[in-house]
Amino acid sequence: MERWEPVSKEMNWVISGRPHATEHQQILPEYCYNIFDLYARTIFKCFTPISEVITITDKERAATAKTVEEARAAMKIDWDQMGSVFSMGERAIKYFENEAEPLLKREGLLDLPPQKEDELFRLIFGDRWMKAKLAEFQALDKNKPVEEIIEQRITAMEETTKKAIPEWHEKARDWEPGATTKFHAGAAKGSAGFLDQVGELHGERKIKLKNTYEMLLICWPEIEAMLKAEPPKRMEDLWNWLVPFSHPYWIEIQDLDQLVSLARSIKLKLNEGGRPRKPRKG
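Residues numbered from 1 in each chain as written. Predicted model: local features only at pLDDT ≥ 70, side-chain atom pairs only at ≥ 80, totals over all residues. Heavy atoms only, no water.

1. Considering the overall build of the protein chain
The helix and strand inventory of the protein chain stands at 14 helices and two strands. Dimensions of the protein chain, computed from the C-alpha atoms along their principal axes, are close to 85 × 45 × 40 Å. Residues classed as buried in the protein chain amount to 32% of the 282 residues present. A total accessible area of about 18700 Å² is found for the protein chain, and carbon and sulfur atoms account for 54% of it. Averaging the positions of the 43 positive and the 47 negative side-chain charges in the protein chain gives two centres separated by 6 Å. (Helix = DSSP H or I, 4+ residues; strand = E, 2+ residues; numbered from the N terminus. Buried < 20%, exposed > 50% of the residue type's maximum accessible area, 1.4 Å probe, protein only. Areas by Shrake-Rupley, 256 points an atom, 1.4 Å probe, with all protein chains shown as cover. Lys, Arg positive; Asp, Glu negative; His and termini not counted. Charge placed at Lys NZ, Arg CZ, Asp CG, Glu CD.)

Shown next as structure tokens:
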């Protein structure tokens, strides 16, 4: 999670349309952002940044609008995209409520003995990351147990998402003729285009090397070190580092040539020169 947190943060920024790009500090190697762009075109293709869904034509009037008529004069809303965005969130919640638990149970992850459960927890979260996060949550309300704070935040997020579609349906009905039809058409598209009926991401089918991309993202600290190394590291050095993950098929690529081809597509720039020279015998 300590590795994934900056990845999640930056991926959300890219998928949200790279807001305030000139002020944004990119904290990951450049190749990561090219992977995020790929995800935006595939996995999150039904998502549209809110800045593109709602176009403000008059900021002053939009800020003071109290009626539908006043709001309509100050902004434009893409109701098709609005429905798509909200239904993606609703579909994600339904997945965690109805489908995630049977999947975890089938994999045997809900029936682990306490020792194995603790080991798995530490592997995923890590003591350092957990201590930092617990401190953040506790700072929100020092008089409440951390578990209660977390539960309240999750519940509030779920309730907000569940209310969104009926609330915006009502807004669409009052906005203009045809807005409701567009909203529900978008909602159907967003729900079906994000997760299918068995909880699989639709867009992943277009990503041929999904596991490899995820490995390159999660291992960004090691790859960043290679990119900054002196003397410069070669693509072969990265491949040798990835071999232990390739042999058990944790990643799809199986040789150096495949890695070089993939690296070019995401602009992961390590030296592609010849193999390192063997040291001379003294």
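2. Some thoughts on the pattern of salt bridges
The full count for this structure, using the stated rule, is 15 salt bridges. For the salt bridge of Arg-122 with Asp-127, the shortest nitrogen-to-oxygen distance reads 2.6 Å. By relative accessible area, Asp-127 is classed as partly exposed at 42%. Residue Lys-133 is joined to Glu-136 by a salt bridge in which the shortest nitrogen-to-oxygen separation is 3.2 Å. Here Lys-133 pairs with Glu-136, and both are found in helix H8 (residues 127–140), just three residues apart, close to one helical turn. Classification of Lys-133 by relative accessible area gives buried; the value is 15%. (Salt bridge = Lys/Arg side-chain N within 4 Å of Asp/Glu carboxyl O.)

3. Looking at the confidence of the model for the protein chain
Across the protein chain, pLDDT averages 86, with 96% of residues at or above 70. Every residue in residues 274–282 scores below 50 in pLDDT, and together they form five contacts with partners more than four places removed in sequence or on other chains. (pLDDT = per-residue confidence, 0-100. Contact = heavy atoms within 4.5 Å.)

4. Digging into the packing of helix H11 (residues 210–218) against helix H12 (residues 220–228)
Packing of H11 against H12 leaves a shortest axis separation of 5 Å and a crossing angle of 70 degrees. Classified by the interaxial angle, the pair formed by H11 and H12 is roughly perpendicular. Together, Leu-216, Leu-217 and Ile-218 of H11 and Trp-220, Pro-221 and Ile-223 of H12 make up the contact between the two elements. Taken together, the residues of the contact of H11 with H12 sort by class into six nonpolar, no polar and no charged. (Axes fitted to C-alpha atoms, helices over the stretch in contact; angles between N-to-C directions. Parallel < 35°, antiparallel > 145°, perpendicular 65-115°, else oblique. Nonpolar A, V, L, I, M, F, W, Y, C, P; charged D, E, K, R; others polar.)

5. Examining the side chain of Glu-204
Tracing the chain through its elements places Glu-204 in the loop between helix H10 (179–194) and H11. The exposure class assigned to Glu-204 is buried, which follows from its relative accessible area of 19%.

6. Comments concerning the state of the cysteines
Throughout the structure, instances matching the rule amount to zero disulfides. Cysteine Cys-32 remains unbridged, with the sulfur of Cys-219 as its closest cysteine sulfur at 10 Å. (Disulfide = S-S within 2.5 Å.)

7. Structural notes on the packing of H12 against helix H13 (residues 235–246)
Across the interface, H12 lies against H13 with an axial gap of 10 Å and an inter-helix angle of 155 degrees. In terms of orientation, H12 and H13 fall into the roughly antiparallel class. For H12 against H13, the interelement crossing comes out right-handed. When H12 is examined against H13, the residues Glu-222, Ile-223 and Met-226 are found in contact with a partner set consisting of Asp-237, Leu-238 and Trp-241. Partitioned by chemical class, the residues of the contact of H12 with H13 number four nonpolar, no polar and two charged. (Left-handed = near helix turned anticlockwise from the far one by under 90°.)

8. Some thoughts on the nonpolar core
If you look at the biggest cluster of nonpolar residues, it comprises 44 residues, and the most contacted ones within it are Tyr-31, Phe-36 and Leu-238. Looking at this core, the elements with two or more residues in it are helix H1 (4–15), helix H2 (30–41), helix H6 (79–106), H11, H12, H13 and helix H14 (256–266). For Phe-36, the residues in contact, after removing those within four places along its chain, are Val-7, Glu-10, Met-11, Val-14, Leu-28 and Leu-217. (Core = buried A, V, L, I, M, F, W, Y, C linked by side-chain atoms within 4.5 Å.)

9. Examining the environment of Arg-106
Relative to the assigned elements, Arg-106 resides in helix H6. With relative accessibility at 63%, the residue Arg-106 sits in the exposed group. Distance from Arg-106 to Phe-96, taken between C-alpha atoms, is 15 Å for residues 10 residues apart in sequence.

10. Re helix H7 (residues 114–125)
Its 12 residues give H7 an end-to-end C-alpha distance of 16 Å, which sits within 8% of 16 Å, the value for a rise of 1.5 Å per residue. Positive phi shows up at Gly-126, right after H7, with a value of about 80 degrees. (Expected span 1.5 Å × (residues − 1).)

11. A few points about H10
Look at H10: 22 Å from first C-alpha to last across 16 residues, which is about the 22 Å you get at 1.5 Å a residue. Within H10 the residues assigned to the buried category are Ala-179, Phe-183, Gly-186, Ala-187, Gly-190, Gly-193 and Phe-194. Seen end-on, H10 carries its buried residues on one side only, within an arc spanning 155 degrees. Turning to H10, the residues buried within the fold contact H6 and helix H9 (146–175). (Arc of directions from axis to C-beta.)

12. What to know about the packing of aromatic side chains
Under the definition given, this model contains 12 aromatic pairs. Centre to centre, the rings of Trp-241 and Phe-245 are 5.5 Å apart; their planes meet at 45 degrees, and the pair counts as tilted. Linking Trp-241 with Phe-245, this pair stays in helix H13, spanning four residues, or about one helical turn. A residue is classified by how much of its surface remains accessible, and Trp-241, at 28% relative accessible area, is partly exposed. Consider the rings of Phe-245 and Trp-250, whose centres lie 6.0 Å apart with planes at 40 degrees: the pair is tilted. Of the aromatic side chains, those joined through ring pairs into one cluster are Trp-79, Phe-86, Trp-168, Trp-175 and Phe-183. Positioned above the aromatic ring of Trp-168 is the side chain of Lys-171, whose terminal nitrogen or guanidinium carbon lies 5.1 Å from the ring centre. (Phe/Tyr/Trp six-rings, centres within 6.5 Å; stacked < 30°, edge-to-face > 60°. Lys NZ or Arg CZ within 6 Å of the ring centre and 35° of its normal.)

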